[in-house]
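In case you want the letters, here they are:
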Amino acid sequence: KGAFSYENIANIFVKQTRNQSLKEFKESLLKYLIYSVSHQEFVETLEQQLSEQLFAWKAEYNQKIIDKNLLLRTCNKVIDFLVSENGKEPSQLFILLLSQGNPLTLVIVLLKIVLISKNSRRHLEMRIANIINYYEQYNEKECDWIINFIEVFNIAFAIYAENVEYNLIQMQETSNQVESQPNLDTYRIFSQLKLHRKE
């Protein structure tokens with residue numbers, strides 16, 4: 001929430017990269033994706049593996065100024081690198097990043113991509129569907145980690161990428177104000193459509 005919400009940071013990123021060349025944009029995108037990620041091993045893996053693939057991709061266009069089409073194509077390609085490159089099985093980077101622990105970190109990186117390229121959402125959902133299809137052949141025990149990733153993905157995207165805002169509201173004052181733990185039974189979650197300001 002506030003000035004440092006993912007949405008605000010995404011808007012700042014889009015404004016700052018408007019007239020960059022593709023090469024400059026790739027460098028900025030990598031910094032943007034790892035910005036505020038605290039899991040150091042994840043950051044190192046992402047920097048090393050993703051930068052290698054990203055900088056090799058469309059190198060002949062590196063001097064071209066980024067436009068909406070090139071932004072979309074770049075974001076979709078990064079999604080491929082992070083999830084599934086061939087649309088059939090998970091990418092090596094997907095397996096490597098998830099094997100390092102917390103699926104939320106990868107979900108946040110994917111969310112950050114969709115926040116700068118809203119049209120990449122459909123491509124991401126297609127790649128997630130490819131992953132689900134791939135793991136259908138395995139039994140549930142073998143897929144606990146992927147099920148966990150999908151659940152975290154669905155929750156995060158419902159909260160951040162949908163046009164809905166969720167608010168936690170306390171319905172009644174608790175009688176004992178010195179309680180160390182809040183009484184969660186007195187709170188309710190309300191949803192409402194996000195209102196977008198016109199620029």
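Not measured: the values here are computed from a predicted model. (Residues numbered from 1 in each chain as written. Predicted model: local features only at pLDDT ≥ 70, side-chain atom pairs only at ≥ 80, totals over all residues. Heavy atoms only, no water.)

Peer 1: Any chance you could explain a nonpolar patch on the surface here in plain terms?
Peer 2: A contiguous nonpolar patch, built from Ile155, Ile159 and Tyr160 and spanning about 280 Å² of accessible area, is present on the exposed surface. Summarising the element assignment, Ile159 is placed in helix α8 (residues 144-160). Classification of Ile159 as partly exposed rests on a relative accessible area of 40%. (Patch = residues over 30% accessible without salt bridge, like charges linked within 9 Å, V, L, I, M, F, W, Y side chains within 5 Å. Areas by Shrake-Rupley, 256 points an atom, 1.4 Å probe, with all protein chains shown as cover. Salt bridge = Lys/Arg side-chain N within 4 Å of Asp/Glu carboxyl O. Helix = DSSP H or I, 4+ residues; strand = E, 2+ residues; numbered from the N terminus. Buried < 20%, exposed > 50% of the residue type's maximum accessible area, 1.4 Å probe, protein only.)

Peer 1: In this structure, what is going on with the side chain of Thr45? I would like to understand it.
Peer 2: The residue Thr45 is located in helix α3 (residues 40-56) in this model. Discounting residues that sit within four places of it in the chain, Thr45 has contacts with Leu50, Leu93, Leu96, Leu97 and Gln100. (Contact = heavy atoms within 4.5 Å.)

Peer 1: How should unusual backbone geometry be read in this particular structure?
Peer 2: Trans is the prevailing form of peptide bonds, just as negative phi is the prevailing case for residues other than glycine. One non-glycine residue with positive phi stands out, namely Ser36, at about 70 degrees. Its location among the elements puts Ser36 in the loop between α2 (22-34) and α3. Positive phi, close to 50 degrees, is recorded for Lys58, a residue that is not glycine. Structurally, Lys58 is set in the loop between α3 and α4 (68-82).

Peer 1: Please explain the packing of aromatic side chains as it appears in this structure.
Peer 2: Pairs of aromatic rings are described using the distance from one ring centre to the other and the angle between the two planes. On inspection of all chains with the given rule, the structure shows ten aromatic pairs. Ring geometry for Phe94 and Phe149: centres 5.2 Å apart, planes at 90 degrees, overall edge-to-face. Taken together, the positions of Phe94 in helix α5 (residues 92-99) and Phe149 in helix α8 put the pair 55 residues apart, joining distant regions of the chain. Here the two residues Phe94 and Phe149 agree in accessibility, since each one is buried. Joined through ring pairs, the aromatic side chains of Phe94, Tyr134, Tyr135, Tyr138, Trp145, Phe149, Phe153 and Phe157 make up one cluster. (Phe/Tyr/Trp six-rings, centres within 6.5 Å; stacked < 30°, edge-to-face > 60°.)

Peer 1: Can you help me understand the confidence of the model for the chain in this one?
Peer 2: Detailed reading of the predicted coordinates is not advisable wherever pLDDT is low. Chain-level statistics for the chain give a pLDDT mean of 84 and a share of 78% at 70 or above. Per-element mean pLDDT across the chain ranges from 57 in strand β2 (residues 187-193) up to 97 in α4. (pLDDT = per-residue confidence, 0-100.)

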